[in-house]
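Examining the three-dimensional arrangement
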Amino acid sequence: MKILITGGAGFIGSHVVRRFVKKYYDYMIFNLDKLTYAGNLENLKEVEDAINYKFIKGDICDREFIFNLFEVNKFDGVIHLAAESHVDRSIEHPMDFLTTNIFGTMNLLDAFRKSMSSDIDKRRIFHHVSTDEVYGSLGDEGKFLETTPYDPRSPYSASKASSDHLVSAYHHTYHIQVVITNCSNNYGPNQFPEKLIPLVINNIKNSKPIPVYGKGENIRDWLYVEDHSAALDLVFHKGRIGETYNIGGLNEWKNIELIKTLCIMMDKKLNRVPGYSEKLITYVTDRPGHDMRYAIDCTKIKNDLGWEPTVSFDKGLEMTVEWYLANSDWLNNVTSGNYQQYYKKQYEY
Ligand code: NAD
Ligand code: TYD
């Protein structure tokens with residue numbers, strides 16, 4: 001089987017590529033990635049020489065290149081993770097998000113359709129990896145279900161919602177075999193330190209201010225990245241065609257509580273006096289249109305496929321902090337050069 005994974009050099013993609021290369025010896029795993037600021041081949045050192053793995057540098061927005069790639073390789077399945085993924089950047093540069101997340105996805109769908117086999121009985125899946133942010137923002141009560149109406153509120157979530165709709169439309173119109181997964185916030189090794197958890201770890205490590213947007217009362221549902229990767233594996237292989245599955249951590253945290261937990265954990269790890277890191281907390285101007293709360297009901301994937309989160313938050317955070325402390329070179333590399341160029345914090349301290 002030839003499987004194309006897009007965005008495999010990024011945070012979640014690198015875990016998925018590693019999992020598939022190590023687990024499925026009889027598959028050939030192609031990793032297509034443009035290597036934007038968020039893509040890093042260091043994330044894949046462990047598998048780079050594996051005989052069932054091939055890296056292809058390329059842009060999903062380059063339609064001719066994508067058509068050619070599919071024509072030559074006739075992939076048996078696609079797991080599509082490549083995207084612009086950070087809400088703050090989408091507020092600054094929405095066009096980049098619309099281009100990659102919508103048009104890039106459409107190019108893949110068109111190329112997949114064109115290279116579709118005449119054997120309609122064969123399982124040949126386009127798995128679109130998406131976010132719970134397409135459902136909008138929750139109040140104190142309730143959780144997102146697969147049937148929750150879409151209500152995206154940032155350029156990022158609007159672009160992902162649009163791509164979800166395209167995937168669904170291609171299923172209904174052209175009978176492409178698709179599955180869509182909508183997952184909550186991931187954390188773990190390899191995440192670019194613009195997202196909350198690695199940003200906080202990096203700033204504590206360097207004794208820099210920890211920017212808390214607004215009052216820090218927004219709530220996110222956190223899932224360890226390896227658990228997400230396991231869910232994607234299951235849905236790709238066993239998910240019902242044309243269905244959506246929500247994936248979540250059953251693990252809701254107010255930002256400020258999570259940040260304080262990290263402060264305590266890192267004071268211990270770095271042998272600092274208790275309370276040192278908490279003094280770095282700095283309340284800053286809120287993100288425009290900041291979604292208040294995300295929470296996932298993942299009953300469907302549990303009942304249908306037997307998936308549930310396995311890594312406790314204590315354990316996951318511990319492993320994550322350990323990884324960032326042990327991989328200072330990785331952090332230094334990604335936070336220098338291009339990073340400085342791209343990283344413009346628009347919020348006033
Ligand atoms: P990431 O930003 O870490 O990685 C994205 C990868 O896509 C990078 O390797 C980048 O180089 C590549 N890429 C970007 N534009 C490209 C293009 N035009 N052509 C080819 N490659 C391109 O993102 P992530 O956090 O790993 O997220 C992966 C996917 O999962 C995204 O689709 C995202 O919407 C979704 N998702 C993320 C989370 C989360 O918490 N991070 C949660 C739910 C869903
Ligand atoms: P983020 O990691 O950007 O993920 P998302 O916005 O996609 O959920 O942010 C997680 C939460 O943390 C969100 O409520 C915004 C907040 N946040 C801060 O308070 N400070 C920061 O520096 C960042 C990056 C995020």
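Preceding block: the structure.
Now for a look at the structure at hand. (Residues numbered from 1 in each chain as written. Chains lettered and ligands numbered in written order. Predicted model: local features only at pLDDT ≥ 70, side-chain atom pairs only at ≥ 80, totals over all residues. Heavy atoms only, no water.)

All right, on to the overall build of the protein chain then. Broken down by element type, the protein chain carries 12 helices and 12 strands. Computed over C-alpha atoms, the radius of gyration of the protein chain comes to 20 Å, within 12% of the 20 Å expected from 2.2 N^0.38 for 349 residues, which places it in the range of a compact globule. Across the 349 residues that make up the protein chain, the buried fraction comes to 55%. Approximately 15,200 Å² of the protein chain is accessible, and the part contributed by carbon and sulfur atoms is 51%. Of the charged side chains in the protein chain, 40 are positive and 46 negative, and the gap between their average positions amounts to 2 Å. (Helix = DSSP H or I, 4+ residues; strand = E, 2+ residues; numbered from the N terminus. Rg over C-alpha atoms; globule rule 2.2 N^0.38 Å. Buried < 20%, exposed > 50% of the residue type's maximum accessible area, 1.4 Å probe, protein only. Areas by Shrake-Rupley, 256 points an atom, 1.4 Å probe, with all protein chains shown as cover. Lys, Arg positive; Asp, Glu negative; His and termini not counted. Charge placed at Lys NZ, Arg CZ, Asp CG, Glu CD.)

Next up on the list: helix α5 (residues 155-174). It helps to recall that an α-helix has 3.6 residues per turn; residues three or four apart then point in one direction. The end-to-end C-alpha separation of α5 is 28 Å, in line with the 28 Å expected for 20 residues at 1.5 Å each. Here α5 has its buried residues at Tyr 156, Ser 157, Ser 159, Lys 160, Ala 161, Ser 163, Asp 164, Leu 166, Val 167, Tyr 170 and His 171. Of the surrounding elements, those touching the buried residues of α5 are α3 (87-92), α4 (94-114), β5 (125-131) and β6 (177-183). One or two positions beyond α5, positive phi appears at His 175, with a value near 65°. (Expected span 1.5 Å × (residues − 1). Contact = heavy atoms within 4.5 Å.)

On to the site of ligand 2. Lining the immediate environment of ligand 2, one finds 18 residues, of which Glu 133, Pro 211, Arg 220, Arg 287 and His 290 sit closest. Measuring from an oxygen atom of ligand 2, one finds a side-chain N or O atom of Arg 220 at 2.7 Å. Relative to its unbound accessible area of 510 Å², ligand 2 is 98% covered by the protein chains. Elements represented by at least two residues in the shell around ligand 2 include exactly α6 (196-205) and β8 (210-213). Looking at the shell around ligand 2 element by element, the count peaks at three residues for β8. Partitioning the shell around ligand 2 into residue classes produces seven nonpolar, five polar and six charged. (Near = heavy atom within 4 Å. Polar contact = N/O pair within 3.5 Å; in protein donor to acceptor, adjacent residues only side chain to side chain. Nonpolar A, V, L, I, M, F, W, Y, C, P; charged D, E, K, R; others polar.)

Despite not being glycine, Leu 250 shows a phi value in the positive range, around 50°. One can find Leu 250 in the loop between β10 (244-247) and β11 (252-254). Owing to a relative accessible area of 54%, Leu 250 belongs among the exposed residues under this scheme. Its identity is not glycine, yet Asn 271 carries a phi of approximately 55°, on the positive side. Relative to the helices and strands, Asn 271 is located in the loop between α8 (255-269) and β12 (281-284). Judged by its relative accessible area of 74%, Asn 271 falls in the exposed class.

Attention now goes to the pattern of salt bridges. Applying the stated criterion to the full structure yields 20 salt bridges. A salt bridge links Lys 45 to Glu 48, with the nearest nitrogen and oxygen atoms 3.5 Å apart. As a salt-bridge pair, Arg 287 and Asp 88 come within 2.6 Å of each other at their nearest N and O atoms. Pair noted here: Arg 287 is in the loop between β12 and α9 (299-305) and Asp 88 is in helix α3, with a separation of 199 residues, a long-range link. For Arg 287, a relative accessible area of 13% translates into the label buried. A cluster of three or more residues bridged by salt bridges with shared partners is formed by Arg 240, Glu 243, Lys 300 and Asp 304. (Salt bridge = Lys/Arg side-chain N within 4 Å of Asp/Glu carboxyl O.)

Let us now look at the site of ligand 1. Lining the immediate surroundings of ligand 1 are 29 residues, of which Ile 12, Asp 33, Ser 85, Tyr 156 and Lys 160 lie closest. Measuring from an oxygen atom of ligand 1, one finds a backbone N or O atom of Phe 11 at 3.1 Å. Between ligand 1 and Ile 12 there is a distance of 2.8 Å, counted from an oxygen atom to a backbone nitrogen or oxygen. Computed on the free molecule, ligand 1 has an accessible area of 840 Å², of which 97% lies beneath the protein chains in the complex. Secondary structure elements with two or more residues in the shell around ligand 1: α1 (11-23), β5, α5 and β7 (185-187). In terms of residue count, the dominant contributor to the shell around ligand 1 is β5 (three residues). Classifying every residue of the shell around ligand 1 gives 12 nonpolar, 12 polar and five charged.

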